[in-house]
Amino acid sequence: MACSLVFEGWPAFTAGVLGTSSLTRGWPPNLAHGWQVCQFVQRRAGGLVLAEHGFHGAQEGSYMAKILLVEDDPSVLRTLERMLKSAGHDVLGVGDIPGALQLLEKEQVDVVITDIVLPGASGLELLRHLQDNHPHLPAIVITGEPTLDSAVEAVRARAFEYLAKPISKHQLLRTVGQAVHIKYLEDERRRLEAANRAYQENLEKLVAERTQALQKSEASLRQSEQQLHALAARLIHIREAERAQMAREIHDELGQLLTGLKMDLHWLMRQCQDPSKKSTPEAIARRLQDALAITDDTIKCVQRLAAELRPSVLDKLGLCAALRHELRQFADRSSLEIEINLPDEEPPLPPEMAMAFFRITQEALTNVARHAQATKVTVTLRPAPQGWELLITDNGRGIREEDILHSNALGLLGMKERLLPWGGSVTFSAVPSGGTCVRAFLPRQSDNNRGNDHEKHSHSG
Ligand SMILES: Nc1ncnc2c1ncn2[C@@H]1O[C@H](COP(=O)(O)OP(=O)(O)OP(=O)(O)O)[C@@H](O)[C@H]1O
Ligand SMILES: [Mg+2]
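Peer 1: Would you explain unusual backbone geometry in this entry?
Peer 2: A negative phi angle is the norm for most residues apart from glycine, just as the trans form is the norm for most peptide bonds. Residues Lys 165 and Pro 166 are joined by a peptide bond in cis, for which omega reads -5 degrees. If you trace the backbone, Pro 166 turns up in the loop between β11 (161-164) and α7 (169-273). For Arg 158, which is not glycine, the phi dihedral falls at a positive 60 degrees. Tracing the chain through its elements places Arg 158 in the loop between α6 (148-156) and β11. The phi torsion at Gln 386 lies on the positive side, around 65 degrees, for a residue other than glycine. Its place among the elements puts Gln 386 in the loop between β13 (376-384) and β14 (387-394). The exposed category is assigned to Gln 386, whose relative accessible area is 61%.

Peer 1: How should the packing of helix α4 (residues 97-106) against helix α5 (residues 123-133) be read in this particular structure?
Peer 2: Two quantities define a packed helix pair, namely the angle between the axes and the distance from one axis to the other. In contact at an axis separation of 10 Å, α4 and α5 are set at 25 degrees when each is read in the N-to-C sense. Viewed along their axes, α4 and α5 adopt a mutual orientation that is roughly parallel. Crossing angle aside, the handedness with which α4 passes α5 is right-handed. Residues Ile 97, Ala 100, Leu 101 and Leu 104 of α4 form the contact with α5, whose own contacting residues are Gly 123, Leu 126, His 129 and Leu 130. When its residues are assigned to classes, the contact of α4 with α5 shows six nonpolar, two polar and no charged.

Peer 1: Help me understand the nonpolar core, please; the structure alone is not making it clear to me.
Peer 2: General note: in soluble globular proteins, nonpolar side chains tend to be found buried as a group. With 40 residues, the main nonpolar core has Leu 319, Phe 357, Leu 381, Leu 390, Ile 392 and Leu 419 as its most contacted residues. Listed by contribution, the elements that provide at least two residues to this core are α9 (312-317), α10 (319-333), α11 (351-372), β13, β14, α13 (411-419), β15 (425-430) and β16 (436-443). Ranked by residue count, the leading element in this core is α11, at eleven residues. Filtering out sequence-adjacent residues up to four positions away, Phe 357 remains in contact with Leu 319, Leu 349, Leu 381, Trp 388, Glu 389, Leu 390, Leu 419, Ala 440 and Leu 442. Listed in part, the 25 residues of the second largest apolar core include Leu 92, Val 112, Leu 127 and Ala 151.

Peer 1: Honestly, helix α8 (residues 281-309) in this entry has me stumped. Any pointers?
Peer 2: Given 3.6 residues per turn, any residue in an α-helix points the same way as the ones three and four places further on. The terminal C-alpha atoms of α8 lie 42 Å apart, and with 29 residues this matches the ideal 42 Å at 1.5 Å per residue to within 8%. By the burial criterion, the buried members of α8 are Ala 283, Ala 291, Ile 294, Thr 298, Cys 301 and Leu 305. Residues of α8 that are buried sit in contact with α7.

Peer 1: What's the story with the site of ligand 1 in this structure? I'm lost.
Peer 2: Inspection of the region around ligand 1 gives 18 residues, with Arg 234, Asn 367, His 371, Ala 409 and Leu 412 positioned closest. For ligand 1, an oxygen atom lies 3.4 Å from a polar atom in the side chain of Arg 397. A distance of 2.9 Å is found between an oxygen atom of ligand 1 and a backbone nitrogen or oxygen belonging to Leu 412. Against a free-state accessible area of 600 Å², the protein chains account for coverage of 86% of ligand 1. Secondary-structure elements contributing two or more residues to the shell around ligand 1 are α11 and α13. With five residues, the single largest contributor to the shell around ligand 1 is α11. When grouped by side-chain class, the residues that make up the shell around ligand 1 number five nonpolar, six polar and seven charged.

Parameters and conventions
- Residues numbered from 1 in each chain as written.
- Chains lettered and ligands numbered in written order.
- Predicted model: local features only at pLDDT ≥ 70, side-chain atom pairs only at ≥ 80, totals over all residues.
- Heavy atoms only, no water.
- Helix = DSSP H or I, 4+ residues; strand = E, 2+ residues; numbered from the N terminus.
- Buried < 20%, exposed > 50% of the residue type's maximum accessible area, 1.4 Å probe, protein only.
- Axes fitted to C-alpha atoms, helices over the stretch in contact; angles between N-to-C directions.
- Parallel < 35°, antiparallel > 145°, perpendicular 65-115°, else oblique.
- Left-handed = near helix turned anticlockwise from the far one by under 90°.
- Contact = heavy atoms within 4.5 Å.
- Nonpolar A, V, L, I, M, F, W, Y, C, P; charged D, E, K, R; others polar.
- Core = buried A, V, L, I, M, F, W, Y, C linked by side-chain atoms within 4.5 Å.
- Expected span 1.5 Å × (residues − 1).
- Near = heavy atom within 4 Å.
- Polar contact = N/O pair within 3.5 Å; in protein donor to acceptor, adjacent residues only side chain to side chain.
- Areas by Shrake-Rupley, 256 points an atom, 1.4 Å probe, with all protein chains shown as cover.

Laid out in structure tokens, this is it:
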């Protein structure tokens, strides 16, 4: 333990490892009786005990403290008690160490003042007890028989001060003031350290939470990107499949019809060019009739192909009529009971938004037919607060949570994507009574949005 000892009337002299030998080496020969006060001001820093001459920061008498005073001489006890109380301190006086230990268990004290020579045991033992059990409690040692050995022991037991009797009131109050002040500063330091630790722990927790949230949102971003890629790939695939089907239908149906028409026209031309062919007017009329019938079929075929590409009923008659038409066809194809609830007036939706609602209905109906095992489906289009909502509800087995959350299939995702450009949304839920409800919502658009969106999406569908 390193310290410097400062004696009244002597300059500060040593900072070194405190031991009897190092002390006696610098010890003036007349000191054994000449010293009055050893002043130990301890500040523990990395195992060092530093000392200063006097305590510059101490505000003497400015702290009211609860003091445990251990003194076996009743008259000295009374005198010291009087001095301390006159400065406003609260004093618990006791004559021996067992009494002191009892009080320490019950009371919260700020400073201990103890005599060295006490009945049964030395005050230094009390000091050692404090060192082990109350390491932050400053203890002042007072003695009528100051010796170098007891001073060294007091330093080892981390005494705050070592005072030789008789002690003046000024000396006592100043020492107690310093001890309390230092205890206050130490307590404050510990409190701030604890607050700092708690703050750091909280900060670490916060950082961990934020990191976790960031990782989570990164993961969901990655998932959305993957879904987006999958959706783009599916769109390309669908477009190619549609083109292939269209090409097949044009080739197989339209091609055959036109070939038949061409053959009829050839036959008629041969009748006109070759006079040897003596066809009757009835035969010619029959051929013309056939050609007309093929032309009618061709026109129907062209209309059907065009309608498949874009439902003309939607453009001509509006969303409500298109939904009615689609449901009628769905009812013909499936054996499901259909209920349809449409508003009296056509909703004022721009064509591209109406098309999005129409396509969602088609996709949802396809899902009902493929997955629901339902007997009935209800389609409702109605105004909602701040917009329009479309509900496709079936009474089937009900969509599962994992289908909604982790579906790798792109039908549900595609439905959601359709309304995103207008700030709309599509939700899927299992109906408590059984079945699935698809709810599509489109917010009412401002005039500006409507114009822009129409331009933006006028080629989609
Ligand atoms: N009306 C419904 N009732 C019960 N389950 C449904 C219903 N609609 C969807 N599902 C479930 O949700 C899953 C995901 O649907 P989604 O439309 O995304 O994919 P899909 O129909 O299987 O394939 P596709 O990509 O061709 O549409 C389906 O596989 C099905 O299990
Ligand atoms: Mg589907």
